[in-house]
Amino acid sequence: MVESKAEKAEVGREDVEADKENMDVEEPAADAPMKVFTVEILRLIKDMQLQHGLRHGDFQRYRGYCSRRVKRLRKTLNLPQGDRRHYKKRNVTLANLEKPNSDERFLHISLMLAERTWSYAMQLRQESNTEPRKRFHLIEKLRKSCVYALQLQDLCASDRCDARTKLEAEAYSAWIHGSLHFELALWQSAAENLKKAQVIYENLAQAMPEEEQTVYRAKVEELQPSLRYCAYNVGENASVNDLLEMRGQAGLLGNLSHLVAQTKAESMEAFQMMEWRGRSVTVRPEKVRLFLLSIQELGRSIEKAKDYPAKIEMLESVLLDCKDAIAAIKDEIKQDPKLRQPAAGEAGGAAGGGLIGIQYLLAYMSYTRLKLTLERNLFLVAQAKLTLDDPNVAEKTPLASGGGKKTKPQDLSRLYEIILQNVTEMQQLGGMEHDAAYQAEMEQLALSFRAFRCYYIAITLVAMKRWREAVAMYERSRKYASDASSSKTPCKDFDLRGELKQLIATIEGCKFSAHAYSVLEDDTADDTVLYGKSQKSSKPLYERLSHYKEDATLNSRNPNVFKLIPEMEPIPAKPLFFDLALNFVDFPSLDDKIEQKGSTGKGATAGMSGFVKGLFGWGGGGASK
């Protein structure tokens, strides 16, 4: 039951692949340049092996997948081998690659044929432990795999393939031949071929971007035990490197450096490199590359903007593009489970050495977003300073043309609080927690903004006439500014040392002024009759005529002179009366009047009988008549 479910899932996945392969390919124009193919052979076969059985060592399942894949490719590329009744062998040739509408999947056919025979050989190798006769069949399948690998190498040697594909095809062919000679116990030739493949993969790892080096380095480590076993069987006097040189490696090592250089150049053209804090990372997502290209001239564009609102609007539009680029990186990480965790032993710079390339790129883009947000907030601060209604601010300028709402010191302190939150997010950036230089720069930046925030809080306290608290905040602001100015690791993106020096000079005068007002307040605390400056009073003027106090509200539209509406006063509520004397009153008797109304005499009886007699028409009077 388990195998059937796995096979159904695999067939469904192959149906999706078949739909992709059967998609129509646009015909190139007649004057279109020759298309150069790039086939990542090692990554391609590793992905297929892990998805179709080799994760569990099921070579038979992988062989079946290779057979079905070859059949689909031949059908899609219109390269059948006869019909249902007749068979005619048709191999992929250079003519198929040189056609105007050629496809790189022609190379996949030879690769899949080599993989199919290799997986069949590995299946026979497992079965030969109990059935030794199958070892002969194993050797034949490996020989056939070598034939297909040579066909692939010849096809990739044409001008329609780039240098990377040529190197990978040569390394793949050398590895297949090395595996065959290893089974035949031809230790010298096996060591030569395996070493040749190892050298090519090592050079490819050095030429490729950081995130693509893992698969090549893993293959180099995979070949190492076989090479050691070959060296042991060859003997101590013979070295594998010497054997490689003795066999005349002019065909390989002579053009290896040229192919590696060409591969580096092609990879640099295909992927844009980004450098941040002494480490270079490849930028593969298209949105990220376009965003990095768009912000190269951002500084000049901001300088040309006429006013602060235009600069803020420009930064906000760039921030939207930055968020889209970050979303593209996160989508790429989600699609590849290998990128979700840092690779062990990954080489890197001093900053973020534990992150692989795509994760380090995500950290850089997050830093860029926070930096742009910080710049936007600083422009908001500069715009608010234009309308700040305080004489002690050195940056105060006349109100901008067109007017506007005046800014209060507490508004600026609130803006600096938001800026400090941005700096805190920059400190907690993923992968940069252990970078001492980066954390020192962020700490210096946080001290600078704390100094400005404390300064505007002190101005707010001055407006509230809380002199002692204002003096304390001025002193704290001066301390933060001094520590930030004397820091040996200033932030490269935000150099605030000039503004900090100006702030320190401004604080000196403001602090002494606030201190003097606090002394005057202490001296006049008891002289409330003559001056009345100690506390504010809400009494109207007619109630404090004997006290002198400078009250600016008397010159306003609503002076506090006399209360026209009287205040509410409590009054006693109206009492409730209860008739308690009724229980003690003696009323006269009315029995005599009740008897008169309820008497039962003769006249009453007669009247009743007469009424009955008259009702029915009979009675004494009628009878007498």
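Residues numbered from 1 in each chain as written. Predicted model: local features only at pLDDT ≥ 70, side-chain atom pairs only at ≥ 80, totals over all residues. Heavy atoms only, no water.

Put simply, the rule reads: UniProt positions are given in the numbering used here, feature names are shortened, and annotations may be inferred rather than shown by experiment.
As recorded in an unreviewed UniProt entry, the chain goes by Signal recognition particle subunit SRP68 and comes from Anopheles melas. Among the UniProt annotations of the chain, the heading Sequence similarities (unreviewed entry) holds the following wording: "Belongs to the SRP68 family." In the Function (unreviewed entry) part of its UniProt record, the chain is described as follows: "Component of the signal recognition particle (SRP) complex, a ribonucleoprotein complex that mediates the cotranslational targeting of secretory and membrane proteins to the endoplasmic reticulum (ER). The SRP complex interacts with the signal sequence in nascent secretory and membrane proteins and directs them to the membrane of the ER."

## What to know about the nonpolar core
Stated precisely, the cut-off is as follows: Side-chain atoms within 4.5 Å link the members of a nonpolar core, which is a set of buried Ala, Val, Leu, Ile, Met, Phe, Trp, Tyr and Cys residues. To sort residues, take the accessible area from a 1.4 Å probe on protein chains only and compare it with the maximum for the residue type: under 20% means buried, over 50% means exposed, and anything in between is partly exposed. The secondary structure listing takes helices from DSSP runs of H or I that are at least 4 residues long and strands from runs of E that are at least 2 residues long, numbered from the N terminus. Note that the domain bounds reflect an automated or database-derived domain assignment.
W276, F291, L292, L361, M365 and F449 are the most contacted members of the largest nonpolar core, which has 73 residues in total. In terms of residues, this core owes the most to one element, helix 17 (residues 436-463), which gives 14 residues. No fewer than three residues from each of domain 2 (269-340 + 355-387) and domain 3 (416-523) sit in this core. With 63 residues, the next largest nonpolar core counts I45, L138, Y148 and I200 among its residues.

## Observations regarding the pattern of salt bridges
Opposite charge on two side chains permits them to pair, given that their charged atoms come into close proximity. To be explicit about the condition: Definition used for salt bridges: Asp or Glu carboxyl oxygen within 4 Å of a side-chain nitrogen of Lys or Arg.
A full pass over the atoms with the stated rule returns 20 salt bridges. A salt bridge links R450 to E443, with the nearest nitrogen and oxygen atoms 3.9 Å apart. Judged by its relative accessible area of 25%, R450 is partly exposed. Put simply, E40, R43, R164, E168 and E212 are held in one network by salt bridges that share partners.

## Side note on the packing of helix 6 (residues 134-156) against helix 7 (residues 163-183)
To keep it simple, the criterion reads: An axis is simply a line fitted to the C-alpha atoms; with a helix, the fit covers only the stretch in contact. Between two such axes, the angle follows the N-to-C directions and lies from 0 to 180 degrees. In these notes the angle categories are as follows: under 35 degrees is roughly parallel, over 145 is roughly antiparallel, 65 to 115 is roughly perpendicular, and the rest is oblique. The handedness criterion is simple: a crossing whose near helix is rotated anticlockwise from the far helix by less than a right angle is left-handed, and one whose near helix is rotated clockwise is right-handed. Residues are treated as being in contact if the distance between any of their heavy atoms lies within 4.5 Å. Note on residue classes: Ala, Val, Leu, Ile, Met, Phe, Trp, Tyr, Cys and Pro are nonpolar, Asp, Glu, Lys and Arg are charged, and everything else, Gly too, is polar.
Contact geometry of helix 6 with helix 7 gives a least axis separation of 9 Å together with a crossing angle of 165°. Comparing the axis directions of helix 6 and helix 7 gives the class roughly antiparallel. Here helix 6 runs over helix 7; the crossing is left-handed. Contacts between helix 6 and helix 7 involve R135, L138, I139, L142, R143, S145, C146, A149, L150, L152, Q153 and C156 from the former and T165, K166, A169, E170, Y172, S173, I176, H177, S179, L180 and E183 from the latter. Broken down by class, the residue content of the contact of helix 6 with helix 7 amounts to 12 nonpolar, six polar and five charged.

## Topic: the packing of aromatic side chains
This is how it is decided: Aromatic pairing here means that ring centres of Phe, Tyr or Trp (its six-membered ring) are within 6.5 Å. Orientation follows from the plane angle: under 30 degrees is stacked, over 60 is edge-to-face, and everything else is tilted. Whether a charge sits over a ring depends on NZ of Lys or CZ of Arg being within 6 Å of the ring centre and within 35 degrees of the ring normal.
Going through the model one piece at a time under the given rule, you end up with 21 aromatic pairs. Here the aromatic rings of F59 and W118 are separated by 5.9 Å at their centres, their planes lie at 75°, and the arrangement is edge-to-face. Taken together, the positions of F59 in helix 3 (residues 59-76) and W118 in helix 5 (residues 105-127) put the pair 59 residues apart, joining distant regions of the chain. Geometrically, the ring pair formed by F182 and Y229 is tilted, given 5.7 Å between the ring centres and 50° between the ring planes. Here the residue F182 occupies a position in helix 7, and Y229 occupies one in helix 9 (residues 213-234), the gap between them amounting to 47 residues. Every member of this aromatic cluster is reached through a ring pair, and the members are Y416, F449, F452, Y455, Y456 and Y474. The side chain of R63 reaches across the aromatic face of Y120, ending 4.0 Å from its centre. Here the guanidinium or amino end of K219 rests over the ring plane of W175, the centre of that ring lying 3.8 Å away.

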